[in-house]
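Descriptive structure summary
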Amino acid sequence: MTAPLSLANLTAHYGTTKVLDDLSLDVGEGELVSLLGASGCGKTTTLRLIAGFLVPTAGTIHLGETDLTRLPAHRRNIGLVFQNYALFPHLSVLDNVAFGLKQRGMASAARAERARAMLARVGLTPLEERLPGELSGGQRQRVALARALVIEPPLLMFDEPLSNLDAKLRVDMRVEIRQLQRANNTTAVFVTHDQEEAFSISDRVAIMDAGRIRQFDAPETLYQRPANAFVARFVGFENLIALEARRREGAIVHAEGPGGISVALDQDRLGAIPDRFTLATRPDGLRVTAQPEAEGIPASLGLRTYLGRAYHYQAETPAGHLVASGPLSRPLQSGDQARLVPEAEQCCILPEGEI
Ligand SMILES: Nc1ncnc2c1ncn2[C@@H]1O[C@H](COP(=O)(O)OP(=O)(O)OP(=O)(O)O)[C@@H](O)[C@H]1O
Ligand SMILES: [Mg+2]
């Protein structure tokens, strides 16, 4: 039933404005891939191309062997769960779920049986006679999910399906979606601008910016080894520092930057370090110390904020404004001179020029 999805060199315009630029993406059979990015970056547009609501100006879309690029939307057989993809208000929950089966010509008894089985899986059996107006938001979203799944589509697509739900229900529903998608081994594309949601539900995530994919990888890779400055900042590496390797001792690289910056970095923990590179760190990856250590980034401390497990410090340095962290046991004051020392667990190496 299921099939891989392949987008190749897609370009899309609204009028004369280009909103997708040479976008390519491969989603494996049974894989769940999320498109993650800020508002307006082109996530919904990508889904609209796949669903057939919009025709690309260049590029192709394949689902398995089938070329979908110019196939009419109603012949694409894709299950859609959109944030505002309304249920039929005058049909019961059961009839809403059975609707797609009726369209496909299934006999009445058979489709009621299939729809009931799907309602049981999403936990809505007691509500099958209700109208959509008599349901909560979360229940309605589950009906929409059942309606998309019941036709056993080769491809499922979700556009911010959980953004109207409260925090607890959102987490429960994403687990449910993932379990159903896994159980049916359905290829799926999931759109969200919530990083935690994307990372928790997906096999791989495509991070988008201005109509392009900036990195497409497993969540763990994106979080620990971003490929460029855009993705690094997106996953919380707030501090980007341009450095040059000066001395190599085994795996240890001694690197320097402007204004007396001198740091020791371990290639066994950070991966290969080229002669010129950008060091990216999260605030927790730059430790503040008042000790006059041999190596570090000289800093003048500014505002200190309390985060429960540590303090964060705004710091002015020769590499510009950085955010660092320090232990609760020894708080430093605004105006103190200090050194910032990178901690490998919360650092990564970017190519030269990524800043
Ligand atoms: N029907 C339309 N006509 C003209 N421009 C459009 C249309 N729909 C979207 N756009 C523009 O295309 C760009 C991409 O929009 P898209 O809806 O794909 O973004 P998105 O990533 O889904 O954002 P959001 O997270 O806000 O839903 C935006 O700049 C948007 O303003
Ligand atoms: Mg959108």
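Our subject is the structure listed above.
What you see as residue numbers is a count from 1 along each chain, following the sequence as written. Here the convention is simple: chains get letters from A, ligands get numbers from 1, in the order in which they are written. Whole-chain, interface and lining totals are the exception, using all residues; otherwise, since this is a predicted model, local features are given only for residues with pLDDT of at least 70 and side-chain atom pairs are given and counted only at 80 or more.

1. Some details on the nonpolar core
Note on terminology: a nonpolar core is any set of buried Ala, Val, Leu, Ile, Met, Phe, Trp, Tyr and Cys residues joined through C-beta atoms within 7 Å. Around each residue's C-beta, the other C-beta atoms within 10 Å are counted; 20 or more make the residue buried, 12 or fewer make it exposed, and counts in between make it partly exposed. All C-beta atoms are placed from the backbone. Val-97, Leu-119, Ala-146, Met-157, Val-189, Ala-206 and Leu-340 are the most contacted members of the largest nonpolar core, which has 87 residues in total. Helical segments are the DSSP runs of H or I of at least four residues, strand segments are the runs of E of at least two, and each set is numbered from the N terminus. In terms of residue count, the dominant contributor to this core is helix H4 (residues 137–150) (7 residues). An automatic or database domain assignment provides the domain bounds reported here. Lining this core are residues from two domains, each supplying at least three of them: domain 1 (5–230) and domain 2 (232–351). The contacts of Leu-119, once residues within four sequence positions are left out, are Val-93, Leu-94, Val-97, Leu-124, Thr-125, Glu-128 and Ala-146. In this description, a residue-residue contact is defined by the distance between C-beta atoms placed from the backbone, which must lie within 7 Å.

2. Some thoughts on the site of ligand 1
Taken together, Tyr-14, Val-19, Gly-37, Ser-39, Gly-40, Cys-41, Gly-42, Lys-43, Thr-44, Thr-45 and His-193 are the residues near ligand 1. Here the shell around ligand 1 gets 3 residues from one element, more than from any other, and that element is helix H1 (residues 43–51). Side-chain classes follow a simple rule in which Ala, Val, Leu, Ile, Met, Phe, Trp, Tyr, Cys and Pro form the nonpolar group, Asp, Glu, Lys and Arg form the charged group, and the remainder, Gly included, forms the polar group. For the shell around ligand 1, the per-class residue count stands at 3 nonpolar, 7 polar and 1 charged. Only the C-beta atom matters for nearness: placed from the backbone, it must lie within 6 Å of the molecule or strand for the residue to count as near.

3. Let's talk about the environment of Ser-334
With respect to the secondary-structure elements, Ser-334 resides in the loop between strand E18 (320–326) and strand E19 (337–342). Judged by the 11 C-beta atoms lying within 10 Å of it, Ser-334 is exposed. Separated by 30 residues in sequence, Ser-334 and Arg-304 have C-alpha atoms that sit 7.0 Å apart. Beyond its immediate sequence surroundings of up to four residues, Ser-334 is in contact with Leu-301, Gly-302, Leu-303 and Arg-304.

4. Description of the pairing of strand E9 (residues 204–209)
Two strands make a pair as long as DSSP finds a minimum of two bridges between them. Taken together, the 4 bridges between strand E3 (residues 32–36) and E9 define a ladder with parallel strand orientation. Across the sheet, residue Val-33 finds its bridge partner in E9, namely Arg-204. Strand direction decides the pairing type here: E9 and strand E10 (residues 212–217), joined by 5 bridges, are antiparallel. Its bridge partner lying in E10, Ile-207 is registered against Gln-215. Linking E9 to E10, which pair antiparallel, is a turn of 2 residues; within it Ala-210 sits at a positive phi near 45°.

5. Structural notes on helix H3 (residues 108–121)
Multiplying 1.5 Å by the residue count of a helix minus one yields the expected span of that helix. Over its 14 residues, H3 runs 20 Å from end to end, which matches the ideal 20 Å to within 8%, given 1.5 Å per residue. Looking only at H3, the buried set comprises Arg-111, Ala-115, Met-118 and Leu-119. Along H3, the residues classed as buried sweep out an arc of 100° about the axis, all on the same side. Exposed residues lying more than 90 degrees from the buried face of H3 are Ala-109, Ala-110 and Ala-120. Directions pointing from the helix axis toward each C-beta atom define the arc.

6. What to know about the pairing of E18
Relative to E18, strand E17 (residues 311–317) runs antiparallel, the two being bridged by 7 bridges. Residue pairing for E18: Tyr-313 is matched across the bridge by Ala-324. Between the end of E17 and the start of E18, which pair antiparallel, lie 2 residues.

Note that every value here comes from positions in space, so none of it alone points to a role or purpose.
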